[in-house]
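So you can see what is in the structure, the chains are spelled out below.
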Amino acid sequence: QVQLVESGGGLVQPGGSLRLSCAASGSIFSINAMGWYRQGPGKQRELVAAATSGGNTNYAASVKGRFTISRDNAKNTVYLQMNSLKPEDTAVYYCHLVVLITRYQEYDYWGQGTQVTVSS
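Residues numbered from 1 in each chain as written. Predicted model: local features only at pLDDT ≥ 70, side-chain atom pairs only at ≥ 80, totals over all residues. Heavy atoms only, no water.

Participant: What's the story with the packing of aromatic side chains in this structure? I'm lost.
Facilitator: The geometry of an aromatic ring pair is captured by the separation of the ring centres together with the interplanar angle, meaning the angle of the planes. Tallying each qualifying case throughout the model produces one aromatic pair. Above the face of the tyrosine 94 ring, arginine 45 is positioned so that its terminal group lies 3.8 Å from the ring centre. Lying over the aromatic face of tryptophan 110, arginine 45 brings its terminal NZ or CZ to 4.8 Å of the ring centre. (Phe/Tyr/Trp six-rings, centres within 6.5 Å; stacked < 30°, edge-to-face > 60°. Lys NZ or Arg CZ within 6 Å of the ring centre and 35° of its normal.)

Set out below in structure tokens:
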């Protein structure tokens, strides 16, 4: 079993920065793919940023150049650095990991979500 714990959300003024963390614990052989999604009020969940184990990254057009996804393999932790935040970035942010629990068994897991509010 793998657990994901998100942290780092909060209230920030427009133009500010936040760093979200997603720490994975449990039976982890390796983290294959990772991603951050968000769901704003009255909106569907959307992909914000994603990365593969090979280092390829993909960003939503609305956050490209402002957000950066990264990982610390030693800590099994995934990050989302968010800069130049805008009110429209307000949402609940969820991490999503594709985890190998053995060399041949792969599962995907979701974090509990963390609220990011951008407001003056």
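Participant: It is not clear to me how the state of the cysteines should be interpreted in this structure. Could you clarify?
Facilitator: Joining two cysteines, a disulfide is a covalent bond between their sulfur atoms. Applying the stated rule across the entire model yields one disulfide. Covalently, cysteine 22 is tied to cysteine 95 through a disulfide, its sulfur atoms 2.0 Å apart. The chirality of the disulfide connecting cysteine 22 with cysteine 95 is right-handed, given an S-S dihedral of about 50 degrees. With cysteine 22 in strand S3 (residues 18-26) and cysteine 95 in strand S9 (residues 91-100), the pair connects residues that are 73 residues apart, well separated along the chain. (Disulfide = S-S within 2.5 Å. Helix = DSSP H or I, 4+ residues; strand = E, 2+ residues; numbered from the N terminus.)

Participant: Even after reading the chapter, I still don't get the side chain of histidine 96, so can you show me in this structure?
Facilitator: Within the secondary structure layout, histidine 96 lies in strand S9. On the accessibility criterion, histidine 96 (13% relative accessible area) is buried. Only 3.0 Å separates the side chain of histidine 96 from the side chain of aspartate 108, close enough to count as a polar contact. (Buried < 20%, exposed > 50% of the residue type's maximum accessible area, 1.4 Å probe, protein only. Polar contact = N/O pair within 3.5 Å; in protein donor to acceptor, adjacent residues only side chain to side chain.)

Participant: Can you help me understand the pattern of salt bridges in this one?
Facilitator: It is possible for side chains bearing opposite charge to pair when their charged atoms get close. Applying the stated criterion across every chain, the model contains three salt bridges. Arginine 38 is the partner of glutamate 46 in a salt bridge, and the nearest nitrogen-oxygen pair spans 2.7 Å. Overall, glutamate 46 belongs to the partly exposed group, its relative accessible area being 35%. Across the salt bridge formed by arginine 66 and aspartate 89, the nearest N and O atoms sit 2.8 Å from each other. Of the two residues, arginine 66 is situated in the loop between strand S6 (57-59) and strand S7 (67-72) and aspartate 89 in the loop between strand S8 (77-82) and S9; the sequence distance between them amounts to 23 residues. (Salt bridge = Lys/Arg side-chain N within 4 Å of Asp/Glu carboxyl O.)

Participant: I tried to follow the nonpolar core on my own but got confused; where do I start?
Facilitator: One recurring pattern in soluble globular proteins: nonpolar side chains tend to sit buried together. Of all hydrophobic cores here, the largest spans 32 residues; its most connected members are Trp36, Ile69, Leu80, Met82, Tyr93 and Leu97. Here this core gets five residues from one element, more than from any other, and that element is S9. Beyond its immediate chain neighbours, meaning those up to four positions away, leucine 97 contacts Leu4, Cys22, Ala24, Ile31, Ala33, Met34, Val78, Tyr107, Asp108 and Tyr109. (Core = buried A, V, L, I, M, F, W, Y, C linked by side-chain atoms within 4.5 Å. Contact = heavy atoms within 4.5 Å.)

Participant: Teacher, can you tell me more about the environment of threonine 52 here?
Facilitator: One can find threonine 52 in the loop between strand S5 (46-51) and S6. What makes threonine 52 partly exposed here is its relative accessible area of 35%. Threonine 52 sits 13 residues away from glutamine 39 along the chain, and the two C-alpha atoms are 22 Å apart. In this view, threonine 52 contacts Asn32, Ala33 and Arg71; residues no more than four positions away in its chain are not counted.

Participant: Just checking my understanding: could you explain unusual backbone geometry for this structure?
Facilitator: Trans peptide bonds make up most of the peptide bonds, and negative phi angles are found at most residues other than glycine. Even without being glycine, asparagine 76 reaches a positive phi, approximately 50 degrees. Inspection of the secondary structure assignment puts asparagine 76 in the loop between S7 and S8. With a phi close to 50 degrees, serine 84 is a non-glycine residue in the positive phi region. Mapped onto the fold, serine 84 is located in the loop between S8 and S9.

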